[in-house]
2 protein chains.
Amino acid sequence: MRYKAGLETRDRILDATRRLIAEAGLEGTTIKAICDRAEVLPGSFYNLFDSKEQAIVTVVREAIEAVDPDPEHLGKDTLAALVEAYIVFITEQSDLAGVYIAIAVSGTRNNPDLRERFLRHHERRVTRFAAAIEREHPEIEAGARSRRAETLVSALNGIALHRVLDPRFDAAAHSRALLNGALIPL
Amino acid sequence: MRYKAGLETRDRILDATRRLIAEAGLEGTTIKAICDRAEVLPGSFYNLFDSKEQAIVTVVREAIEAVDPDPEHLGKDTLAALVEAYIVFITEQSDLAGVYIAIAVSGTRNNPDLRERFLRHHERRVTRFAAAIEREHPEIEAGARSRRAETLVSALNGIALHRVLDPRFDAAAHSRALLNGALIPL
DNA sequence: TTCAAATTAGAGTCATCACTCAAATATCGA
DNA sequence: TCGATATTTGAGTGATGACTCTAATTTGAA
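Quick notes on the rules
- Residues numbered from 1 in each chain as written.
- Chains lettered and ligands numbered in written order.
- Predicted model: local features only at pLDDT ≥ 70, side-chain atom pairs only at ≥ 80, totals over all residues.
- Heavy atoms only, no water.
- 1 Å grid on protein atoms, 1.4 Å probe; cavity = no way out; pocket = protein on both sides within 12 Å on 5 of 7 lines; lining within 4 Å.
- Points joined across faces, edges and corners; volume = space filled by probe spheres on them.
- Helix = DSSP H or I, 4+ residues; strand = E, 2+ residues; numbered from the N terminus.
- Nonpolar A, V, L, I, M, F, W, Y, C, P; charged D, E, K, R; others polar.
- Contact = heavy atoms within 4.5 Å.
- Near = heavy atom within 4 Å.
- Polar contact = N/O pair within 3.5 Å; in protein donor to acceptor, adjacent residues only side chain to side chain.
- Salt bridge = Lys/Arg side-chain N within 4 Å of Asp/Glu carboxyl O.
- Buried area = accessible area lost by both parts, 1.4 Å probe.

A. Molecular detail of empty space enclosed by the protein. Under the counting rule described, the total for this entry stands at 2 cavities of 30 Å³ or more. In this structure, the largest cavity spans a volume of roughly 70 Å³. If you trace the largest cavity, you find it lined by A:Ala24, A:Gly25, A:Leu26, A:Glu27, A:Ser106, B:Ala24, B:Gly25, B:Leu26, B:Glu27, B:Ser106 and B:Asn110. Secondary-structure elements contributing two or more residues to the lining of the largest cavity are α1 (4–28) of chain A together with α6 (94–110) of chain B. No other element matches α1(A), which puts 4 residues into the lining of the largest cavity. Estimated volume of the second largest cavity: approximately 60 Å³. Every residue lining the second largest cavity is listed: A:Tyr100, A:Ile101, A:Ala104, A:Phe118, A:Ser154, A:Asn157, B:Gly158, B:Leu161, B:His162 and B:Leu165. Breaking the lining of the second largest cavity down by element, the ones donating at least two residues are α6 (94–110) and α8 (142–165) of chain A together with α8 (142–165) of chain B. With 4 residues, the single largest contributor to the lining of the second largest cavity is α8(B). Of the residues contributing to the lining of the second largest cavity, the split by class is 6 nonpolar, 4 polar and no charged.

Structure, rendered in structure tokens:
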């Protein structure tokens, strides 16, 4: 992979892989399907990737990173900003969102590597949300703080899940509703 | 399937299928895996089921029905009761919960039949939640009511999703937190 | 007890899976 | 322009997928 052609082919393959996982899930993501969509022959695929797994993991890493953008802003973001960032991810990077959800469910069952990667990511994410809560509501004690963060992150994933199933689902409004605690009047 | 032996074999196959989907997802649910676990040979499987699909759909139907138990109670349940019922489903029927989540994500992508079935189920579920909200908070207008119901149902699915990934996740506490709107102080 | 029908056994079919390989071709630094 | 190396071609490998078929065995109603 030292020539321009190789890099372009690699991009096409990753593109195809990303879209396929989002559309058809891991089950439908076969070498043949990837190659057909990327307009590449299996030989070329294996010239650039060691295995199907490698291409998938590359795309999964992309997705996981896209969930938590702007890492240098870490430690400064507000809860609202974190939720808005997730909304952008869900709605404007829907392929990656599809990958994210597909992996959360199918990928982590048989692949301990992916599973650990995902759980670590989830933990970081909860920590980031908890830190935002702390900044805005220092009166809440640490335990309750991280519990609330975890509830919120999981609930947001539920929103993302449903948005993947039904593109008409208004993920933005539902995410903001969650944030505002406006679910049920107290 | 008229003799006792046939019915028992059928049960063993459905049992194996249910546990396999929960553990390994749709991807890992092969005829061989089902037959090994059920201690049955392929010939017996195909004597009782027309296809692998049929066994899977049977189990999926079970899962979808288990999410909304006690249908005759419909129109009388409280929001809290609905949430508690889902908690029971997630924690005490974790195999079916695993099937439910696996299908929500992977199953609906390539199988329009499953997809439609799932979306119809989701709609019924949202309606049931919205009716409970109406009973307890008649002051909320219809639109807001069903929007809130939809937020809650999706968020609960997020809780279920995470519980499937991590059995230590305290799904009950997080579900109740959602219900109480105690996510973030207003 | 008999026997038609249900069930099971288990080898076999065909398609598709991930992946390989040797030969042909394209690329680009020197 | 040359030539070492990257890239592409495309047929081919063995393993495994869903599913079939025939013969043997078991079942239970009459």
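Next comes the rest of the description.
B. Fine view of the environment of B:Tyr100. Residue and element names in this part refer to chain B. The residue Tyr100 is located in helix α6 in this model. The spacing of Tyr100 and Asp113 is 13 residues in sequence and 15 Å in space, taken between C-alpha atoms. Apart from residues no more than four positions distant in its own chain, Tyr100 is found in contact with Ala63, Ile64, Val67, Tyr86, Phe89, Phe118, His121, Arg125 and Asn157.

C. Up close: the protein's contact with DNA strand D. Near DNA strand D lie 20 residues; those nearest to it are A:Met1, A:Arg2, A:Thr9, B:Ile31 and B:Tyr46. Near the protein, within 4 Å, the atoms of DNA strand D are sugar or phosphate in 75% of cases. At 3.3 Å from a phosphate oxygen of DNA strand D is found a main-chain nitrogen or oxygen belonging to A:Tyr3. Breaking the surface near DNA strand D down by element, the ones donating at least two residues are α1 and α3 (42–48) of chain A together with α2 (31–38) and α3 (42–48) of chain B. Across the surface near DNA strand D, the residue classes tally to 7 nonpolar, 9 polar and 4 charged.

D. Spatial organisation of the pattern of salt bridges. According to the stated counting rule, one finds 26 salt bridges over all chains in the structure shown. Between B:Asp15 and B:Arg18 there is a salt bridge, with its nearest N and O atoms 3.1 Å apart. Here B:Asp15 and its partner B:Arg18 are both found in helix α1 (residues 4–24), 3 residues apart, which amounts to about one turn of the helix. A single salt-bridge network, built from bridges that share partners, covers A:Asp15, A:Arg18, A:Arg19 and A:Glu62.

E. Quick look at the interface of chain B and chain A. Counting from both sides, the interface comprises 53 residues of chain B and, opposite them, 52 residues of chain A. For the pair chain B and chain A, the two sides together bury roughly 4,200 Å², of which 63% comes from carbon and sulfur. Viewed at the interface, chain A and chain B are joined by 0 salt bridges. On inspection of chain B and its partner chain A, the count reaches 11 residue pairs in polar contact (both at pLDDT 80 or more). Going through the elements one at a time, α1, α6, α7 (112–136), α8 and α9 (171–179) of chain B are the ones with two or more residues in the side of chain B that touches chain A. With 14 residues, the single largest contributor to the side of chain B that touches chain A is α8(B). A breakdown of the residues in the side of chain B that touches chain A according to their chemical character gives 29 nonpolar, 15 polar and 9 charged.

These figures come from the coordinates and say nothing about function on their own.
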